[in-house]
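# Overview (structure and organization)
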Amino acid sequence: MRKYSITTALALLLICGSAFATVVTVSGQGQSYDPGIALADARADANAQCIAQGGTPLEEVYNHVTRANLWLASSIWRCDVP
């Protein structure tokens, strides 16, 4: 009987714990005449969007830099939002 109550309590704890934290994906964009500055601006934009939601940036998932009239960059991040 005790084994079932411990299992039930752990299951409820896992369900409640996962309901309070969520991992979302945010993206940022940047543009500049320098590709490094464009990518830095894109990363800063994505991090600012994460922080604006009350979250913490976890890791960069993907980034891309391309050349048009200016260098265009995008950065996608995972963000832990409570």
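Residues numbered from 1 in each chain as written. Predicted model: local features only at pLDDT ≥ 70, side-chain atom pairs only at ≥ 80, totals over all residues. Heavy atoms only, no water.

The next subject is the pairing of strand E3 (residues 71–81). In this structure, strand E1 (residues 22–32) lies alongside E3, joined through 11 bridges in antiparallel fashion. Considered in E3, the bridge of Ser27 is made with Ile76. In the sheet, strand E2 (residues 56–67) pairs with E3 via 10 bridges, with the strands oriented antiparallel. In the sheet register, Tyr62 faces E3, and the bridge partner there is Ile76. The hairpin turn running from E2 into E3, its antiparallel successor, is 3 residues long. (Pairing = 2+ DSSP bridges. Helix = DSSP H or I, 4+ residues; strand = E, 2+ residues; numbered from the N terminus.)

Now for the pattern of salt bridges. A full pass over the atoms with the stated rule returns 2 salt bridges. Note that Arg43 is salt-bridged to Glu60, the shortest N-O span being 3.1 Å. Separated by 17 residues along the polypeptide, Arg43 in helix H2 (residues 35–52) and Glu60 in strand E2 bring together distant segments of the chain. Across the salt bridge formed by Glu59 and Arg78, the nearest N and O atoms sit 2.6 Å from each other. Separated by 19 residues along the polypeptide, Glu59 in strand E2 and Arg78 in strand E3 bring together distant segments of the chain. Look at Glu59 and you get partly exposed, because its relative accessible area is 38%. Exposure remark for Arg78: the relative accessible area of 35% places this residue in the partly exposed category. (Salt bridge = Lys/Arg side-chain N within 4 Å of Asp/Glu carboxyl O. Buried < 20%, exposed > 50% of the residue type's maximum accessible area, 1.4 Å probe, protein only.)

It is worth spelling out the confidence of the model for the protein chain at this point. The pLDDT averaged across the protein chain works out to 84; a share of 76% of its residues lies at or above 70. For the protein chain, per-element mean pLDDT is lowest for helix H1 (residues 2–20), which scores 54, and highest for H2, which scores 96. (pLDDT = per-residue confidence, 0-100.)

Let's shift gears to the state of the cysteines. Throughout the structure, instances matching the rule amount to 1 disulfide. The partner cysteine of Cys50 in its disulfide is Cys79, sulfur to sulfur 1.8 Å. Taking the torsion about the sulfur-sulfur bond, which here is approximately 80°, the covalent link between Cys50 and Cys79 counts as right-handed. Taken together, the positions of Cys50 in helix H2 and Cys79 in strand E3 put the pair 29 residues apart, joining distant regions of the chain. Here Cys50 and Cys79 have matching classes, each one buried. (Disulfide = S-S within 2.5 Å.)

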